[in-house]
Amino acid sequence: MKVVLKQDVKGLGKKGELVNASDGYARNFLFPKNLAVEANAQNMTELKNREQAEKYRIATETAEAKKAAAEISGKTITIKAKAGQNGKLFGSVTAKEIAEKIEEDFGIKTDKRKITVQDIKQFGTYEFEIKLYQGVSAKLFVRVGE
């Protein structure tokens, strides 16, 4: 019997997949536990609609990320910090501070974990990379000064 899985089932398949299960397994285990539904016309249409909606969502998010990457790529942000002698900072400039400055300057909300930056412990200009979406990233510069 062909069934559409509502949840991941170990040894059978992942959520949303169309799989072939034995009649007894489907009737006695999958259906009572609400893990699957029978693959009739209505359920197949719902599955296709969900897949198309997911593809559309991914395409939309990728397009937005590419637009944001084109907008900020190559730009420089400036962060003010306090330093001691020879331009050595008290502490360091973190990815969190960079993410906040990007949101303030460009209005693009980013996660600090998506920013790849070396330790910034002195005044100067540093290059860093920000991952906006899967396969979409942008390179920016941060200038640290007083």
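Definitions and limits used
- Residues numbered from 1 in each chain as written.
- Predicted model: local features only at pLDDT ≥ 70, side-chain atom pairs only at ≥ 80, totals over all residues.
- Heavy atoms only, no water.
- Helix = DSSP H or I, 4+ residues; strand = E, 2+ residues; numbered from the N terminus.
- Rg over C-alpha atoms; globule rule 2.2 N^0.38 Å.
- Buried < 20%, exposed > 50% of the residue type's maximum accessible area, 1.4 Å probe, protein only.
- Contact = heavy atoms within 4.5 Å.
- Expected span 1.5 Å × (residues − 1).
- Arc of directions from axis to C-beta.
- Salt bridge = Lys/Arg side-chain N within 4 Å of Asp/Glu carboxyl O.
- Phe/Tyr/Trp six-rings, centres within 6.5 Å; stacked < 30°, edge-to-face > 60°.
- Pairing = 2+ DSSP bridges.
- Axes fitted to C-alpha atoms, helices over the stretch in contact; angles between N-to-C directions.

**Notes on the overall build of the protein chain**
From N to C terminus, the protein chain includes 3 helices and 9 strands. When the helices and strands of the protein chain are listed from N to C terminus, the series reads β-β-α-β-α-β-β-α-β-β-β-β. What you see for the protein chain is a C-alpha radius of gyration of 25 Å, clearly larger than the 15 Å of a compact globule of 146 residues, by over 25%. When its C-alpha atoms are laid out on the principal axes, the protein chain stretches across 75 × 30 × 20 Å. Relative to its 146 residues, the protein chain shows a buried fraction of 29%. Restricting the contact set of the protein chain to residue pairs at least 6 apart, pairs at least 24 apart contribute 48%.

**A short note on helix α3 (residues 95–106)**
Here α3 is 12 residues long and its end C-alpha atoms lie 16 Å apart, about the 16 Å a rise of 1.5 Å per residue gives. Those residues of α3 that sit buried are A95, I98, A99, K101 and I102. Buried residues along α3 cover an arc of 165° about the axis, so they all sit on one side. The inward-facing, buried residues of α3 abut β4 (76–80), β5 (88–93), β6 (115–116), β7 (120–122), β8 (124–133) and β9 (136–145). Phi turns positive one or two residues past the end of α3, at G107, with a value near 75°.

**Notes on the environment of D23**
Relative to the helices and strands, D23 is located in helix α1 (residues 23–30). Each C-alpha atom, one on D23 and one on K96, is 54 Å from the other, the two residues being 73 residues apart in sequence.

**Details of the pattern of salt bridges**
Taken as a whole, this structure holds 7 salt bridges when the rule is applied. Linking E54 and R57 is a salt bridge whose minimum nitrogen-to-oxygen distance equals 2.4 Å. In this pair, E54 and R57 both sit in helix α2 (residues 41–72), 3 residues apart, roughly one turn of the helix. Overall, the relative accessible area of 36% leaves E54 in the partly exposed class. Look at R57 and you get partly exposed, because its relative accessible area is 35%. In this structure, K101 and E104 form a salt bridge, with 3.6 Å as the shortest nitrogen-oxygen distance. With K101 and E104 both in helix α3 and 3 residues apart, the pair spans about one turn of that helix. Of the residues examined, E104 reaches a relative accessible area of 62% and is grouped as exposed. The network of salt bridges with shared partners includes E54, R57 and E61.

**Considering the packing of aromatic side chains**
For the structure shown, the criterion picks out 1 aromatic pair. Seen from their ring centres, Y25 and F29 are 5.3 Å apart, and the 15° between their planes marks the pair as stacked. Here Y25 pairs with F29, and both are found in helix α1, just 4 residues apart, close to one helical turn. By relative accessible area, Y25 is classed as partly exposed at 31%. For F29, a relative accessible area of 31% puts it in the partly exposed group.

**Overview of the sheet that holds β4**
Within the open sheet, the 4 strands sit side by side as β4-β9-β8-β6. Their pairing is mixed. Whereas interior strands pair on both sides, the edge strands pair on one side only; in this sheet they are β4 and β6. Strands β4, β6, β8 and β9 of the sheet are contacted by α3, whose axis makes an angle of about 120° with β4.

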